[in-house]
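Here is how the chains run, residue by residue.
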Amino acid sequence: MLAFDIETEGLDKYVHKITVACVYDPDNNIKKGFNFTVRSAYAENVAEFLELLDKADVLCAYNGARFDLPFIIEQFGIPQSRYSAWFCKLFDYFEVCKVLLGTSCSLNMLLRENNIPCKTSNGVQAVEWAEEKRWDKLIEYCMQDAVLTHRLARSPSVTIPMEPHCLDELASYKSRERGEGSAAHLAANPFESKKTVIICSFLHASTKPSQGADIVRPTTGTGVGPGFNTFKFCIA
């Protein structure tokens, strides 16, 4: 599984450029940063970066489906077929939160919730480093994002903090899946006052579904990736 992350000049993919990118896959001894501001090495760096995305069996990123990939497509002129191949093998916990649970949280919040060391800086600081042309600091920060995202994605289970309205929607969804009257069951919502959802990925051999577990099988290409297509929701 190859984790990747990019840093940009801003949030508009049509105006702002990608400054650096990092990839990380410890199983294949891949840990590399790319500086796209060096014009003499631009073509070589782009080609190597994109080839690594192509060759990976699974990609992982945090908000990669909504941020990183759209920037990459726009800046490097990626055709639809190549983008689709990446998207269909992408695992993105931000998308898991949005698509499956109807919530969202920052990477740092998710790391903190799961007792994983948090990032040492933030996106605002990253933009400042780019303006100051402090590329070494920026690549170091970008690599930290990739490493932490990889660690999170490889965790056997991940606790996701939930807002009350999201838990209501999740309870309603489960009631409908069971063919139950959602209104009646929401009146006695078993998730009421609960705060977290724990997602166990069955990619990991050590994670087994318990009897009567609530199972969700999202479709391929929803940002949850192949091999991550079955999850057990446990309310804590």
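What you see is a predicted model, and the numbers here were worked out from it, not measured in a lab.

Student: An account of helix α6 (residues 123–131) is requested, with residue identities and associated values reported.
Tutor: Side chains three or four residues apart in an α-helix point the same way, a direct result of the helix having 3.6 residues per turn. Among the residues of α6, those classed as buried are Ala 126, Trp 129 and Ala 130. Down the axis of α6, the buried side of the element spans an arc of 100°, and every buried residue falls inside it. The exposed set on the far side of α6, more than 90 degrees from its buried face, consists of Val 124 and Glu 131. Of the surrounding elements, those touching the buried residues of α6 are β1 (2–8), β2 (18–25) and α7 (135–153). Lys 133 sits one or two residues past α6 and shows a positive phi near 60°.

Student: Mind laying out the pairing of β2, listing which residues take part and the relevant values?
Tutor: For β2, the tally of buried residues reaches eight of eight residues, placing the bulk of the element in the interior. Pairing analysis gives six bridges linking β1 to β2, with the strands arranged antiparallel. Residue pairing in the sheet places Phe 4 in a bridge with Val 23 of β2. With six bridges joining them, β2 and strand β3 (residues 30–35) adopt antiparallel strand pairing. Looking at β3, one finds that Tyr 24 is bridged to Lys 31. Between the end of β2 and the start of β3, which pair antiparallel, lie four residues, with Asn 29 showing a positive phi angle near 55°.

Student: Which residues make up the sheet that holds strand β5 (residues 90–92), and what values do they have?
Tutor: Taken together, five strands build an open sheet; the order of strands is β3-β2-β1-β4-β5 and the sheet is mixed. Sheet topology places β3 and β5 at the edges, where each strand pairs with a single neighbour. Taking each pair of neighbouring strands and ignoring which way they run, the sheet shows an average axis angle of 20°. Relative to β2, α7 is tilted by about 40°, and along the sheet it contacts β1, β2, β3, β4 (59–61) and β5.

The rules behind these values
- Residues numbered from 1 in each chain as written.
- Predicted model: local features only at pLDDT ≥ 70, side-chain atom pairs only at ≥ 80, totals over all residues.
- Heavy atoms only, no water.
- Buried < 20%, exposed > 50% of the residue type's maximum accessible area, 1.4 Å probe, protein only.
- Helix = DSSP H or I, 4+ residues; strand = E, 2+ residues; numbered from the N terminus.
- Arc of directions from axis to C-beta.
- Contact = heavy atoms within 4.5 Å.
- Pairing = 2+ DSSP bridges.
- Axes fitted to C-alpha atoms, helices over the stretch in contact; angles between N-to-C directions.

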